[in-house]
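Here are the chains, one letter per residue:
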Amino acid sequence: MIDALYFWSIIVLLAFGLFFTLVSAVGVIRLPDVYARAHTASQTDTLGAGLALAAVALALGWQHATVYTVLLLFFVFITNPTAAHAIARSAAETGIEPWTADDEEGESR
Amino acid sequence: MTADLINDVFLAAAALFVVLAILMFYRAVAGPTTQDRLLAVNVLGTNTVVILALLAAGLDEPWFLDVALIYALLNFLMSIAISKFTVERGGVL
């Protein structure tokens, strides 16, 4: 009973991590400009990586390696949105205009 | 028996993450601006960290997590440094 619960919670965490990483990949490839891509990279990719690392931490159990995994999880949660913010800010300061609905339909920059 | 099954699940998930990371190369090659390429490489680095952690759990080699920690640190440093240099000098070189 407990074994089955443990197994299926790992499976569910991994499946949601893969799903959010897939959403992030589709967003980075399909969205129209760099600000929208930074948005999807900072949100869905952080959540996907966090869920997959949580599955690893749950599977490792109580040992030294779990401490590393939890540290890695917190580090990814802090640094990934910060990096996306820095990239979007550098795009703004180098003068890249945001994409608006007035722009040509289907044209990406 | 359950432990073997969990290891196989982790290895399969690592393979799927590799596929999703390879998709990022499209944006890294075709991205019109430097920031697009930088963002794609940043997402690819996050995926690499997750792949290393999944391999550490799937292959029972916990020292992969040390490599993943250092890789996450260098990935963050790379993003911050290149985005700063593109503003202040108009490019990395």
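Here's what I pulled together on the structure shown here. Keep in mind the model is a prediction, meaning the values are calculated, not measured.

### Here's the deal with the interface of chain B and chain A
Part 1 of the argument: Counting residues at the interface gives 41 residues for chain B and 45 residues for chain A.
Part 2 of the argument: Arginine 37 of chain A is paired through a salt bridge with aspartate 36 of chain B; the nearest N and O atoms lie 2.4 Å apart.
Part 3 of the argument: Taken together, the connections running from chain B to chain A amount to four residue pairs in polar contact (both at pLDDT 80 or more).
Part 4 of the argument: Of all the elements in the fold, those that place two or more residues in the side of chain B that touches chain A are α1 (2-30), α2 (34-58) and α3 (64-89) of chain B.
Part 5 of the argument: Partitioned by chemical class, the residues of the side of chain B that touches chain A number 29 nonpolar, nine polar and three charged.

### Concerning the pattern of salt bridges
Where side chains of opposite charge bring their charged atoms close, a pairing between them can arise.
Residues and elements named next belong to chain A.
Part 1 of the argument: Enumeration over the complete set of coordinates arrives at three salt bridges over all chains.
Part 2 of the argument: Among the salt bridges present, the one from glutamate 93 reaches arginine 89, with a minimum N-O distance of 3.1 Å. Of this pair, glutamate 93 and arginine 89 both sit in helix α3 (residues 64-93), four residues apart, which is roughly one turn of the helix.

Calculation notes
- Residues numbered from 1 in each chain as written.
- Chains lettered and ligands numbered in written order.
- Predicted model: local features only at pLDDT ≥ 70, side-chain atom pairs only at ≥ 80, totals over all residues.
- Heavy atoms only, no water.
- Contact = heavy atoms within 4.5 Å.
- Salt bridge = Lys/Arg side-chain N within 4 Å of Asp/Glu carboxyl O.
- Polar contact = N/O pair within 3.5 Å; in protein donor to acceptor, adjacent residues only side chain to side chain.
- Helix = DSSP H or I, 4+ residues; strand = E, 2+ residues; numbered from the N terminus.
- Nonpolar A, V, L, I, M, F, W, Y, C, P; charged D, E, K, R; others polar.

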